[in-house]
Amino acid sequence: MERLPHTNSVNKAIGANSVACKTLGTDASHDDSAYKKQDSMPKKQPYVSHQPDSHGHIHYSDDENGMWQALLERQAEQIPNRACPAYLDGLKKLNLPATRIPQLHDIDAVLQATTGWQTAAVPALISFGKFFKLLANKSFPVATFIRRFDDMDYIEEPDIFHEIVGHCPLLTHPAFATFNETYGKLGLNATKEERWFLARLYWFTIEFGLVGQNQSSRRIYGGGILSSPSETVYALNAGSEKQAEPQHKPEHRAFDLLDVLRTPYRIDHIQPIYYVIDDLDTLFDIVNSDIMGMVKQAMSLGLFEPSYAVKNA
Ligand SMILES: C[C@H](O)[C@H](O)[C@H]1CNc2nc(N)[nH]c(=O)c2N1
Ligand SMILES: N[C@@H](Cc1ccccc1)C(=O)O
Ligand SMILES: [Fe+2]
């Protein structure tokens, strides 16, 4: 198994206890704010990713398969009345094994048959450049490690449970798949600064998007929410002004592309803000709109104030 290097500068950028994989470039640090984790934070044991063997097979230990089973059982209880119908359809199509981490070729068979997508084994977070290239070629990055029990409810970087249970069900949906492919192509042709703005669009849709105009029937489609047992419950529990303690409840905002592009986010904790689209096919409209023109507008207007504590650098 490949041990991933821990480099301080990258950890500071994306959170002290994240895994810094070899290919992570300077433009891939995901923290959007000037927020820097205190050096005094206890350094967690790094995750090690698995390399597929010559047949593309990955061997997982009993503990790792047990973690998959525990996560899937947890989410099988919480997801049915919180995830959007298209996600639930895709989850059924994937027919995921209950007691072991699936092999990527099993996932690929379903993705190929529905939207022509496939997975690509990656060590962990990859650079923007590699990420956009994969999406543009209908390949979805799947980090080949799984979280430990102490990270069960929420993990700061995408593990295999996030990529497969969070994202792959919706990769069987045409609008969602087309969004990802077009997004990848846009990113490939974007400058480094434009990529930062594009990352916010991805963040507030594919990673942390909600769908449904009225709150009572609102559902989750963002993979970053659906792979986190704690965030799955928290996300739909929207606060309203009359809430006793709004700070412990998320804010739901109607999707507005320019606002989304200007909204800073942090990768290393549960989200304070979610953007809501009317229905999944809105993703087609978004990706057929002049995204790069909107990115230039957002660049000239600048970012909104972060809604989370930003420690001095
Ligand atoms: C663009 C997007 O917001 C994000 O920065 C990318 C970068 N690298 C990644 N790498 C992996 N393995 N998985 C991901 O979801 C992402 N997301
Ligand atoms: N927080 C998600 C994983 C994730 C990390 C970073 C970005 C997106 C998703 C989970 O716990 O499943
Ligand atoms: Fe993701």
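Since the model is a prediction, treat every value here as computed from it, not as a measurement. Every chain is numbered on its own, with residues counted from 1 as its sequence reads. Key to labels: chains lettered from A, ligands numbered from 1, both in the order written. Local features in this predicted model are restricted to residues whose pLDDT is 70 or higher, and side-chain atom pairs enter the listing and the counts only when it is 80 or higher, whereas totals over whole chains, interfaces and linings include all residues. Excluded from the side-chain calculations are hydrogens and water; all other atoms, namely the structure's heavy atoms, are used.

Enquirer: Kindly report on the coordination of the iron ion (ligand 3), identifying the contributing residues and their values.
Expert: Ligating atoms shown are N, O and S within 2.8 Å of the metal, or 3.2 Å for Na, K and Ca, and water is not included, meaning a site may look less than complete. Bound to the iron ion (ligand 3) are the protein donor atoms His162 (NE2), His167 (NE2), Glu207 (OE) and Glu207 (OE), situated 2.0 to 2.5 Å from the metal. Each label reflects the angles at the metal, where four donors whose angles all fall between 85 and 135 degrees are tetrahedral, four or six donors whose opposite pairs open beyond 155 degrees and whose other angles stay between 65 and 115 are square planar or octahedral respectively, and the rest are irregular. Coordination at the iron ion (ligand 3) is irregular, judged from the four donor atoms that bind it and the angles of 56 to 142° they form at the metal.

Enquirer: Provide a residue-level description of the UniProt feature "binding site: Fe cation" (unreviewed entry) in the protein chain, including the pertinent values.
Expert: UniProt positions are given in the numbering used here, feature names are shortened, and annotations may be inferred rather than shown by experiment. The UniProt feature table records "binding site: Fe cation" (unreviewed entry) at His162, His167 and Glu207. For the annotated residues, spread through 46 residues, the largest C-alpha to C-alpha distance comes to 9.8 Å, consistent with a single compact locus. Contacts are assigned to residue pairs that have any heavy atoms within 4.5 Å of one another. Here His167 is in contact with Phe140, His162, Phe176, Ile206, Glu207, Gly223 and Gly224, once residues within four sequence places are set aside. For Glu207, the location among the structural elements is in helix α8 (residues 192-207). For Glu207, a relative accessible area of 13% corresponds to the buried category. A run of H or I in DSSP counts as a helix once it spans at least four residues, and a run of E counts as a strand once it spans at least two, with each numbered from the N terminus. Think of it in three bands: with a 1.4 Å probe and only protein chains considered, a residue is buried below 20% of the maximum accessible area for its type, exposed above 50%, and partly exposed in between.

Enquirer: Can you lay out the side chain of Ser228 for me, pointing to particular residues and giving the numbers?
Expert: If you trace the backbone, Ser228 turns up in the loop between α9 (223-226) and α10 (229-235). Polar contacts here mean pairs of N or O atoms no more than 3.5 Å apart (in protein, one a potential hydrogen donor and the other a potential acceptor; neighbouring residues in sequence count only if both atoms are side-chain atoms). At 3.0 Å, the side chain of Ser228 forms a polar contact with the backbone nitrogen of Glu231. In contact with Ser228, not counting residues within four places along its chain, are Gln75, Arg147, Asp153 and Tyr154.

Enquirer: Before we move on, could you go through the nonpolar core and cite the residues and values that matter?
Expert: Here, nonpolar core refers to any group of buried Ala, Val, Leu, Ile, Met, Phe, Trp, Tyr and Cys residues whose side-chain atoms link them within 4.5 Å. Among the nonpolar cores identified, the biggest contains 87 residues, and Trp68, Tyr183, Leu201, Tyr221, Ile286 and Ile291 are the most heavily contacted of them. Among the elements that line this core, the one with the most residues is α8, at eight residues. Excluding anything up to four places from it in sequence, Ile286 contacts Phe179, Leu201, Phe255, Leu257, Ile277 and Ile291.

Enquirer: Which residues make up the pairing of strand β1 (residues 118-122), and what values do they have?
Expert: DSSP calls a pair of strands paired once it identifies at least 2 bridges connecting them. Here five bridges tie β1 to strand β2 (residues 139-143), and the two strands are oriented parallel to one another. Considered in β2, the bridge of Val122 is made with Ala143. With its strands directed away from the observer, a crossover is right-handed exactly when the path from the first strand over the helix to the second travels clockwise. Between the parallel pair β1 and β2, the chain is carried across by helix α5 (residues 128-136), and the sense of this crossover is right-handed.

Enquirer: Break down helix α13 (residues 291-301) for me, citing the residues and quoting the values.
Expert: Where α13 is concerned, the buried positions are Ile291, Met292, Val295 and Ala298. The buried residues of α13 occupy an angular sector of 110° when the element is viewed end-on, so they sit on one face. Looking one or two places after α13, you find Gly302, whose phi comes out positive at around 85°. Note: the arc covers the axis-to-C-beta directions of the helix.

Enquirer: Explain the sheet that holds strand β6 (residues 273-277) to me, and be specific about the residues and the numbers.
Expert: Overall, mixed pairing links the four strands, which are arranged β4-β3-β6-β5 in an open sheet. Edge positions in the open sheet fall to β4 (219-220) and β5 (251-254), since each of these has one partner strand only. The pairing of strand β3 (residues 210-211) with β4 spans two bridges and is classified as antiparallel. Note that in β4 the partner of Leu210 across the bridge is Ile220.

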